[in-house]
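# Analysis of the macromolecular model
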Amino acid sequence: MSDHSSHRRFDGTLVTVPFGGENVERIARNEYRMLLDEHDSEDVLVITGAPTSADTFREALGEELPGAATPYVTSPVVHATDVLNQTDDRVILSDALRRELLYRFLADYEWETEYLQRASAQPSFIEDVDAVMGTISWQTVRPDDTPELRDITAALDAFHEWLAEHGHMERGQLISEALDVLTGDARGDVVDFNAVLAVEFEEFFPLDRAYLDALAGDCELVCVAEEHASVRRTWVETGPVTDYVSFSESRRGASGTPSARPAATAAYFADETVPEDPGVGSVSVLATDSSDEQLAEIANEIEDLVAQPDWGYDDIAVATKQSGSAVTDAIEALEGTGIPTESTTVTGFGDDPAIRELLAAVRYLADDEDDGPDHGPELDTDRLDRVSETESVEDAIHWWATDAGLKQRIAERAAPLDARAQFGNVRRAFRMAEFLEETEFVEATWESFREMLERAHEYAPQQNQTSATDLDGGVRVDHLQAIKNESFRAVFLVNLVDSEYPGDPFLTRLFPSERVASMPDYPGVTELDGADVDATFPTTSTASGRPFAQYHTEHARRRLAVGAGAATDRLYCCLYEYEDTALEERTQASRFLTAAYEDLPWVTEADEPHITSEQAAEQYLLSRVDDALAEVRRANSQDVTVSLDEVEAELGEIQDLLEQSGSRGDELREALRARVEFANGEVRR
């Protein structure tokens with residue numbers, strides 16, 4: 001879809017920066033400092049390519065300001081939200097409410113094309129069509145060649161009209177609607193700055209560039225674009241961003257050498273340069289048998305890191321290639337071992353005990369009591385029968401939650417970080433009830449509320465495209481693109497196997513890949529030739545002759561570069577040897593990792609971590625005792641020497657951990673003693 005008609009001329013300066021977060025930060029700070037020589041900080045607007053990196057730049061640029069002053073940093077979607085809140089009465093729907101209304105809108109929609117009529121019978125159809133609609137909406141593309149894409153666009157237009165009739169809009173419309181305000185008479189009311197610094201310019205979509213153009217107007221404009229770093233924009237547009245823009249002035253920032261091994265490894269993934277060994281930091285390969293063990297090993301290593309005095313959970317990130325279930329699997333595995341997590345792309349709605357309890361109550365109220373499902377004993381049905389007499393769903397659910405002491409129970413049973421997330425989820429559920437009462441779209445019944453909650457619960461793992469959630473304190477678990485330009489002391493890159501990096505190009509479940517590859521107007525990079533691949537990527541990691549496959553292979557490699565670039569001290573490349581299938585097929589290590597292992601001498605295999613998490617201790621402890629006793633017995637019968645010191649050191653380490661674990665430790669110590677005695681043939685009553 002590389003349509004050069006979207007070429008735009010800016011009156012300003014473009015600074016291109018060689019790949020590397022350190023280069024970006026240094027040059028952004030220099031440019032910001034120069035703007036501050038002429039303007040007050042509140043008159044300089046800093047706009048980032050994605051909402052998730054706004055905090056990073058706020059912090060980095062804040063070092064240029066005295067005292068408690070903070071830079072004015074936003075992103076196109078957040079800025080557009082502010083503009084529309086000031087100028088438009090329509091309510092902006094949250095992702096969950098928008099999905100709910102789209103389901104209701106499409107439930108009996110008449111599709112024009114036979115393909116979509118047939119596809120609409122599939123259970124995942126609305127979810128799949130929604131993903132394509134989302135892409136079309138965010139980019140304001142108008143497909144005109146493929147009949148099915150025209151059909152989907154017409155449905156999207158009708159959905160937007162239906163929302164507008166009821167005074168709503170969805171987030172995908174924000175930038176285009178706010179652009180209309182900025183190009184109209186009301187611009188002066190919403191623009192209150194004299195200079196604009198755009199960072200991550202390499203990620204600005206055509207619509208973002210139009211927005212920036214209108215926003216900057218005749219202000220002083222400086223854009224900073226990192227070379228070989230675009231992952232979001234290159235999913236929909238080939239080549240460097242410089243192919244689509246011209247500036248009245250442009251220059252190239254100087255490159256600094258990477259200061260640590262993770263940054264040097266990131267540069268290697270991005271452009272195949274083999275830098276000098278920086279000598280500090282570490283890059284370790286963490287290999288386990290299965291993907292479940294991989295997550296258990298990561299949890300163990302994280303506990304090992306935070307056991308050190310100057311490390312906290314929020315110094316660490318775990319990054320997957322895709323959003324959705326890959327992120328939720330990692331969150332579940334870590335939280336199962338007691339590690340707090342946070343994510344900007346996934347809400348914890350799906351596995352939140354408070355939401356499950358709320359959902360059970362709402363299901364009870366929505367059912368006819370005669371044939372309702374069997375509710376567990378924990379549900380106080382007398383209290384719920386009193387609730388059902390209340391007129392409004394919103395008042396009733398508030399009253400029930402208060403009367404059932406939901407808040408106190410969350411506070412008592414959850415750690416502070418989890419409690420905060422659970423309160424946020426309950427608030428979200430209350431907002432859905434409030435929405436039902438206020439909107440004419442949907443009847444405010446328990447049945448409606450149940451459907452809405454169930455759908456939000458089911459689709460919680462899906463990517464939240466738009467707003468960074470405001471969380472801190474846990475291990476950050478997200479897909480790679482969401483941690484771009486952030487920095488963490490340790491980053492774990494998960495599933496570095498060939499079936500994932502590069503894996504197969506995946507654009508949509510709605511159409512087969514072969515079909516998508518031949519759609520010239522699909523809102524993503526599809527029709528390609530070798531020149532497009534060469535213009536977009538300096539790397540050559542694949543022997544495939546098909547430009548489509550080649551492009552997506554290099555794109556996967558670049559995502560690794562972006563993920564590796566987020567680590568300042570330690571980078572862990574994690575992989576597993578067998579697929580979790582009945583056949584236990586062997587996996588191949590990612591070709592990118594294999595190449596790095598050969599070319600970069602500092603990429604080494606991780607040491608065995610110490611045992612730090614309770615669950616790992618429990619599993620290791622009981623299996624290790626059995627192994628140790630078997631070794632000693634074998635030594636007795638086979639005249640083999642065994643290092644008893646080593647066995648003793650390990651058991652000693654376990655004892656130390658148990659000492660610190662209070663009553664839980666006592667239980668384990670008891671299990672341990674029983675195991676030893678049993679192995680020695682002693683039987684206790």
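Residues numbered from 1 in each chain as written. Predicted model: local features only at pLDDT ≥ 70, side-chain atom pairs only at ≥ 80, totals over all residues. Heavy atoms only, no water.

Bringing the overall build of the chain into the picture now. When helices and strands are counted, the chain shows 26 helices and 15 strands. Taking all contacts inside the chain whose residues are at least 6 apart in sequence as the whole, residues at least 24 apart take part in 76%. Looking at the chain as shown, the accessible area adds up to about 31,200 Å², and 45% of this sits on carbon and sulfur atoms. (Helix = DSSP H or I, 4+ residues; strand = E, 2+ residues; numbered from the N terminus. Contact = heavy atoms within 4.5 Å. Areas by Shrake-Rupley, 256 points an atom, 1.4 Å probe, with all protein chains shown as cover.)

Below, the discussion takes up the pattern of salt bridges. Throughout the structure, instances matching the rule amount to 32 salt bridges. One salt-bridge network, held together by shared partners, links Arg 29, Arg 33, Glu 63 and Glu 64. (Salt bridge = Lys/Arg side-chain N within 4 Å of Asp/Glu carboxyl O.)

Tracing the backbone through its elements, the reader meets His 168 in strand E5 (residues 168–169). A distance of 2.9 Å separates the side chain of His 168 from the backbone oxygen of His 166, its partner in a polar contact. (Polar contact = N/O pair within 3.5 Å; in protein donor to acceptor, adjacent residues only side chain to side chain.)

Here the focus is the side chain of Asp 151. Structurally, the position occupied by Asp 151 is in helix H7 (residues 147–165). Nearest to the buried, unbridged Asp 151 among oppositely charged side chains is Arg 150, at 8.7 Å. (Buried < 20%, exposed > 50% of the residue type's maximum accessible area, 1.4 Å probe, protein only. Lys, Arg positive; Asp, Glu negative; His and termini not counted.)

Let us look at the pairing of strand E9 (residues 282–288). The element E9 is largely enclosed, with a buried count of 5 among its 7 residues. Here E9 pairs with strand E14 (residues 567–576) via 7 bridges, running parallel. Across the sheet, residue Ser 282 finds its bridge partner in E14, namely Arg 570. The sheet contact formed by E9 and strand E15 (residues 603–605) spans 3 bridges and is parallel. Across the sheet, Val 283 pairs through a bridge with Val 603, a residue of E15. (Pairing = 2+ DSSP bridges.)

So, on to unusual backbone geometry. Cis geometry marks the peptide bond from Tyr 501 to Pro 502; its omega dihedral reads 10 degrees. Even without glycine at this site, Glu 200 takes up a positive phi of about 60 degrees. Following the sequence through the fold, Glu 200 ends up in the loop between strand E6 (195–198) and helix H10 (206–216). Overall, the relative accessible area of 1% leaves Glu 200 in the buried class.

The next subject is the nonpolar core. Ile 152, Ile 397, Trp 446 and Phe 449 are the most contacted members of the largest nonpolar core, which has 65 residues in total. A per-element tally of this core places helix H14 (residues 353–366) first, with 9 residues. Ile 175, Val 190, Val 196 and Cys 223 belong to the second largest nonpolar core, which has 37 residues in total. (Core = buried A, V, L, I, M, F, W, Y, C linked by side-chain atoms within 4.5 Å.)

Counted residue by residue, strand E13 (residues 488–493) has 5 buried out of 6 residues, so it is predominantly covered. Here E13 runs beside E14; their pairing, made up of 5 bridges, is parallel. The residue bridging Val 491 from the neighbouring strand is Leu 571, located in E14.

Turning next to the sheet that holds E14. With parallel pairing, 7 strands are arranged side by side in an open sheet as E11-E12-E10-E13-E14-E9-E15. Each edge of the open sheet carries a strand with a single partner, namely strand E11 (341–342) and E15. Those strands touched by helix H11 (residues 261–271) are E9 and E14, and its axis lies near 60 degrees from that of E14. Packed onto the sheet, helix H12 (residues 291–306) meets E9, strand E10 (316–320), strand E12 (475–479), E13 and E14 and runs at close to 155 degrees relative to E14. (Axes fitted to C-alpha atoms, helices over the stretch in contact; angles between N-to-C directions.)

Helical geometry note: an α-helix holds 3.6 residues per turn, so side chains three or four residues apart project in the same direction. Taking 1.5 Å as the rise per residue, H12 with 16 residues should run 22 Å; its terminal C-alpha atoms sit 23 Å apart, in good agreement. Within H12, 12 of the 16 residues are buried, which leaves it mostly tucked inside the rest of the structure. The complete set of buried residues in H12 reads Ser 291, Gln 294, Leu 295, Ile 298, Ala 299, Asn 300, Glu 301, Ile 302, Glu 303, Asp 304, Leu 305 and Val 306. (Expected span 1.5 Å × (residues − 1).)

Strand order in the open sheet made by the 6 strands is E3-E2-E6-E7-E1-E8, with parallel pairing throughout. On the outer flanks of this sheet lie strand E3 (72–74) and strand E8 (245–252), each paired with one strand and no other. Within the sheet, the average angular offset between the axes of one strand and its neighbour, ignoring direction, is 25 degrees. Of the strands in this sheet, strand E1 (8–17), strand E2 (44–47), E6, strand E7 (220–226) and E8 touch helix H1 (residues 21–38), which is tilted by about 175 degrees from E7. Set on the sheet, H10 makes contact with E1, E2, E6, E7 and E8; between it and E1 the angle comes to about 110 degrees.

What follows is about the confidence of the model for the chain. Within the chain, residue pLDDT values average 81, and 78% of them lie at 70 or more. Counting contacts from residues 463–469, a segment whose pLDDT is below 50, to residues more than four positions away or on other chains yields 21 contacts. (pLDDT = per-residue confidence, 0-100.)

Okay, the packing of aromatic side chains next. Applying the stated criterion across every chain yields a total of 16 aromatic pairs. Judged by centre distance (6.1 Å) and plane angle (50 degrees), the rings of Tyr 268 and Phe 269 are tilted. On the accessibility criterion, Tyr 268 (3% relative accessible area) is buried. Aromatic side chains Phe 492 and Tyr 572 sit 4.2 Å apart centroid to centroid with 5 degrees between the ring planes, which places their arrangement in the stacked category. In this pair, Phe 492 sits in strand E13 while Tyr 572 sits in strand E14, placing the two residues 80 residues apart along the sequence. The burial state of Phe 492 is the same as that of Tyr 572; both residues are buried. One aromatic cluster is present, built from ring pairs that chain together Phe 105, Tyr 109, Trp 111, Phe 125, Phe 159 and Trp 162. Over the ring of Trp 311 we find Arg 489, and its NZ or CZ is 4.0 Å from the ring centre. Arg 559 extends its terminal NZ or CZ atom over the ring of Trp 235, reaching a point 5.2 Å from the ring centre. (Phe/Tyr/Trp six-rings, centres within 6.5 Å; stacked < 30°, edge-to-face > 60°. Lys NZ or Arg CZ within 6 Å of the ring centre and 35° of its normal.)

Take the packing of helix H3 (residues 76–87) against H10 next. Contact pair H3 / H10: the axes reach a minimum separation of 11 Å and the direction vectors enclose 55 degrees. Classed by the angle they form, the pair H3 and H10 counts as oblique. Note that H3 runs across H10; the crossing there is left-handed. Together, Pro 76, His 79, Ala 80 and Val 83 of H3 and Asp 208, Tyr 211 and Leu 215 of H10 make up the contact between the two elements. Taken together, the residues that form the contact of H3 with H10 break down as 5 nonpolar, 1 polar and 1 charged. (Parallel < 35°, antiparallel > 145°, perpendicular 65-115°, else oblique. Left-handed = near helix turned anticlockwise from the far one by under 90°. Nonpolar A, V, L, I, M, F, W, Y, C, P; charged D, E, K, R; others polar.)

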